[in-house]
Amino acid sequence: MPHMLLIHEPVGQRATRSDAEGRAVYERMLRWGDELKERGLLLGAESLSSLDHAVRVSTAGGRARIVDGPFAEAKEMVGGFYLLDVDTREEAVALAERCPAAEWATVEVRALAPCFAP
C-alpha cells in the first residue's frame, strides 16, 4: 500500500544552517533513504528546492494565472518526500517517526488514492 511522507519545513529554515550543517542534514536523509531501499520499502525520494524557485499555476475560470515564488503567505513548504511501499498506515507512521526530518520539520503521512476517493 503506497504511502507518501511529505516533509513540511519552515520557510527560511535552510538559510539558518551553514553549508556544512546543510550538507550533514542532507547526508542523514540520504542514508535513511538508503536504509529504506535496502529493506525494499522505498519507491522514490527527492529533495525539493526552496520556494524562491517555485511557480504556482492555476487555470480556474479558463485563464492561466502564474505566480512566481517566494510566496509571502507561506509559513512552511514541502521540502521533499519519500514514497514508500508499506503494508499499513501504522507502518508508514512508525517510519515517519524515525525520519530524520521529523527533528526539524513536520512529516505528513498520506496514502496514495485516486482524487475521487474520500
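Fair warning: this is a prediction, and the values are worked out from it, not measured in the lab.

About the cut-offs
Residues numbered from 1 in each chain as written. Predicted model: local features only at pLDDT ≥ 70, side-chain atom pairs only at ≥ 80, totals over all residues. Heavy atoms only, no water. Helix = DSSP H or I, 4+ residues; strand = E, 2+ residues; numbered from the N terminus. Buried < 20%, exposed > 50% of the residue type's maximum accessible area, 1.4 Å probe, protein only. Contact = heavy atoms within 4.5 Å. Areas by Shrake-Rupley, 256 points an atom, 1.4 Å probe, with all protein chains shown as cover. Lys, Arg positive; Asp, Glu negative; His and termini not counted. Charge placed at Lys NZ, Arg CZ, Asp CG, Glu CD. Polar contact = N/O pair within 3.5 Å; in protein donor to acceptor, adjacent residues only side chain to side chain. Arc of directions from axis to C-beta. Core = buried A, V, L, I, M, F, W, Y, C linked by side-chain atoms within 4.5 Å. Salt bridge = Lys/Arg side-chain N within 4 Å of Asp/Glu carboxyl O.

Trainee: Summarise the overall build of the protein; cite the residues concerned and give the values.
Mentor: Scanning the protein for helices and strands turns up two helices and six strands. Sequence-ordered secondary structure for the protein, helices as α and strands as β, is β-α-β-β-β-β-α-β. Each principal axis of the C-alpha distribution contributes one length, and for the protein these read about 45 × 45 × 20 Å. When burial is assessed residue by residue, the protein has 29% of its 118 residues classed as buried. The contacts in the protein between residues at least 6 apart in sequence include a share of 78% that link residues at least 24 apart. Accessible surface computed for the protein: about 8000 Å², of which carbon and sulfur atoms make up 53%. Seen as two clouds, the 14 positive and the 19 negative side-chain charges of the protein have centres 5 Å apart.

Trainee: I'd like to hear about the environment of tyrosine 82, residue by residue, with values.
Mentor: Examined against the element boundaries, tyrosine 82 turns out to sit in strand β5 (residues 76–85). Note on tyrosine 82: relative accessible area 5%, which makes it buried. When residues no more than four places from it in sequence are discounted, the contact partners of tyrosine 82 are His3, Met4, Leu5, Met29, Trp32, Gly33, Leu36, Leu42, Gly44, Ala45 and Cys99. Within the local environment of tyrosine 82, its side chain forms a polar contact with the backbone oxygen of methionine 29, the two atoms lying 2.9 Å apart.

Trainee: Describe unusual backbone geometry, and please don't skip the residues or the numbers.
Mentor: Of the consecutive residues glycine 69 and proline 70, the connecting peptide bond is found in the cis state with omega at 0 degrees. Structurally, proline 70 is set in the loop between β4 (65–68) and β5.

Trainee: Could you give an account of helix α2 (residues 89–98), with specific residues and numbers?
Mentor: Among the residues making up α2, those that are buried are Ala92, Leu95 and Ala96. Buried residues of α2, seen end-on, are gathered within an arc of 105 degrees and therefore sit on one face of the element. Counted as exposed and oriented over 90 degrees from the buried face of α2: Glu90 and Glu97. Contacts from the buried residues of α2 go to β1 (2–10), α1 (19–38), β5 and β6 (106–111).

Trainee: Tell me about the nonpolar core, and please be specific about residues and values.
Mentor: Core analysis: the largest hydrophobic core is formed by 18 residues, its most contacted members being Leu5, Trp32, Leu36, Tyr82, Leu84, Leu95 and Cys99. Those elements that place two or more of their residues in this core are β1, α1, β5 and α2. Take this core: its biggest share by element is four residues, from α1. Excluding its chain neighbours within four sequence positions, the residues that come into contact with cysteine 99 are Ile7, Met29, Trp32, Tyr82 and Val107.

Trainee: Now, about the pattern of salt bridges: what can you tell me, with residues and values included?
Mentor: The final tally for this structure, using the stated rule, is five salt bridges. Residues glutamate 108 and arginine 110 are paired through a salt bridge, measuring 3.0 Å at the closest nitrogen-oxygen approach. Classification of glutamate 108 as partly exposed rests on a relative accessible area of 24%.

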